[in-house]
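# Chain and residue survey
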Amino acid sequence: MLGHVNTREDAPLRIALIAPPWYPLPPRGYGGVELVVTLLARELRHRGHRVVLFGAEGSEPGITVCTQSGLDAHLGQATQVMHEMTYLARVVQRMQALEAFDVIHDHAGFGGALVAGLLRGAPVLHTVHGSIGVSERDFYDALGADVGLVAISDSQRRQAPDLGWVGVVHNAVDVDGLRVSTAEQSPRYLLCLARICEDKGQHVAIEVARRCGLRLILAGKVEETPQGREYFRSQVEPLLDGTRVIYIPSVTAATKARLIARATAMLAPISWPEPFGLSIVEAMVSGTPAISFRQGSAVELIEQGVTGFVVDCADEMVAAVSRTDEIDPPTCARAARARFSPQVMTESYLRVYQRRLRRDWSVGADAPHCQTKLPLVSTDPPTLALLG
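Note that this is a predicted model, so its numbers are computed, not measured. (Residues numbered from 1 in each chain as written. Predicted model: local features only at pLDDT ≥ 70, side-chain atom pairs only at ≥ 80, totals over all residues. Heavy atoms only, no water.)

## Some thoughts on the confidence of the model for the chain
The following threshold applies: One number per residue, pLDDT, summarises how confident the predictor is, and it ranges from 0 to 100. By definition, residues are in contact when any of their heavy atoms lie within 4.5 Å.
Per-residue confidence for the chain gives a mean pLDDT of 90, with 89% of residues at or over 70. For the stretch residues 369–388, pLDDT sits under 50, and the model shows 52 contacts to residues farther than four places along the chain or on other chains.

The following block contains the structure:
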């Protein structure tokens, strides 16, 4: 049984959350969407809502497992679609065997949006986690009013303003797992934490670090496409020396927290309309300035001169690095945590859920743009040897 209508705003909701199948919940390293869904499920449960979270084997307790672990090996391969559809078929089977849901909330990509939209009963929401081009716009338009779309930034929604948007909700990061940096860090280094591909601009980050006279740490997996592998082979790998430019293919949560907190700045020399930069936000909630090119959601996420700088070219990025001592880490962290905590994200989604249950099709201002004070949380991950 898939749905019934619960219109009492103070009543606990029964919510189906569909995560992507590629990584466990939470992910051990790569897997930004999986992390966001995990944080949402935890906070919804903390508030008393009944959540059924569908995901992959190897996840934390409380997950309805619908696929084996290790499916990330199929990303970018001919077998990707078949594994994705098999997972979604199992999700539907499990959902149909369970009691009614008030809301079905999909995060599993195009296939998840299509499958969830074919279900009848409960309102269906789909969070769009990627950029929107012509093909994506046509797909989402074809879903019609049966699937309410949630954008992760105003920038993303503006890429296709005529689609069936029902809300804009910024992603959250794991603020409890990230520590707040101090003003003085030694040795100084720059960090670029992102998938390795031309859109992310690691070659620009290398050039900026060289001109600043600082070490650069690149962390992230090489994009599993021919273009991604060629970009790494030709423009990144030849410049890796293990001293001035260091590459870490994958980092655990604890290592990532330490890398971010000790960095002089997080560089994001992106060349595409990125709908949301999780690494930018992770840096800011750690008190580490984020410096990004003026693309996608960067202007929306970074408070200029408070949590970082938005720049237009490599020259301006070099200049911004020299200004990082103007950013006060506690102030930076407070400002970012007031906007990107799991509590704030969950409250925003609950407002969207309630509008759908009331059959209110308006797009609310769910993403917070004002500052409130939240406590800072610090962790003490193990020492990373390469940082001295």
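From this point, the discussion proceeds with the structure in view.
## Things to note about the side chain of H107
In plain terms, the rule: Helix and strand definitions follow DSSP, with helices as H or I runs of at least four residues and strands as E runs of at least two, each counted in order from the N terminus. Definition of a polar contact: a pair of N or O atoms within 3.5 Å, with one able to donate and the other able to accept a hydrogen when the atoms are protein atoms, and with sequence-neighbouring residues admitted only if both atoms are side-chain atoms.
Note that H107 resides in the loop between β4 (103–106) and α3 (109–118). Only 2.9 Å separates the side chain of H107 from the side chain of H129, close enough to count as a polar contact. In this structure H107 touches L17, I18, P20, V33, V37, L40, T127, H129 and Y349, once residues within four positions along its chain are discounted.

## A closer look at the sheet that holds strand β12 (residues 290–293)
To keep things clear, this is the line we draw: Here a strand pair is declared whenever DSSP counts at least two bridges between the two strands. Helix axes use the C-alpha atoms of the stretch in contact, all axes being lines fitted to C-alpha atoms, and the angles between their N-to-C directions lie in the range 0 to 180 degrees.
The 6 strands are arranged β10-β9-β8-β11-β12-β13 in an open sheet whose pairing can be described as parallel. Edge positions in the sheet fall to β10 (245–248) and β13 (308–311), since each of these pairs with one other strand and no more. Between one strand axis and the next, the sheet turns through 20° on average, direction left out of account. Sitting on the sheet, helix α11 (residues 314–321) touches β8 (189–193), β11 (265–268), β12 and β13, and the angle it makes with β12 is about 170°.

## Considerations on unusual backbone geometry
Between L25 and the following residue, P26, the backbone shows a cis peptide bond with an omega angle of -5°. Here P26 shows up in the loop between β1 (14–18) and α1 (32–46).

## Describing the pattern of salt bridges
Oppositely charged side chains may form a pair once their charged atoms are brought near each other. The condition that has to hold: For this document, the term salt bridge refers to a Lys or Arg side-chain nitrogen within 4 Å of an Asp or Glu carboxyl oxygen. Relative accessibility thresholds used throughout: buried, under 20% of the residue-type maximum; exposed, over 50%; partly exposed, between the two (1.4 Å probe, protein chains only).
Within the structure shown, the criterion is met by 13 salt bridges. Between R47 and E43 there is a salt bridge; the shortest N-O distance is 3.0 Å. Assessed through its relative accessible area of 10%, E43 is described here as buried. Residue E99 pairs with R50 through a salt bridge whose shortest N-O separation is 3.2 Å. One end of the pair, E99, is in the loop between α2 (80–97) and β4; the other, R50, is in strand β2 (residues 50–56), with 49 residues separating them in the sequence. By sharing partners, the salt bridges in this structure join E43, R47 and E347 into a single network.

## So, the pairing of β12
Rule in force here: Handedness of a crossover: with both strands directed away from the viewer, a clockwise path from the first strand across the helix to the second marks it as right-handed.
Taking every second residue as pointing to the same face, both faces of β12 are buried, with A290 and S292 on one and I291 and F293 on the other. Note that β11 and β12 share 3 bridges and pair parallel. Bridge pairing links L267 to I291 in β12. For the segment spanning β11, helix α9 (residues 278–285) and β12, crossover handedness is right-handed. Direction of pairing for β12 relative to β13: parallel, over a ladder of 4 bridges. If you follow F293 over to β13, its bridge partner there is V311.

## Digging into the sheet that holds strand β3 (residues 63–67)
Hydrogen bonds along the backbone pair up the strands of a sheet, which may run parallel or antiparallel. Here 7 strands make up an open sheet; going across it, the order is β3-β2-β1-β4-β5-β6-β7 and the pairing parallel. Lying at the two open borders of the sheet, with one neighbouring strand each, are β3 and β7 (165–168). Mean inter-strand twist for the sheet, computed between neighbouring axes without regard to direction, equals 25°. Strand direction decides the pairing type here: β1 and β2, joined by 5 bridges, are parallel. The residue bridging I18 from the neighbouring strand is F54, located in β2. Here α3 sits on the sheet in contact with β4, β5 (124–127) and β6 (147–151), set at roughly 160° to β4.

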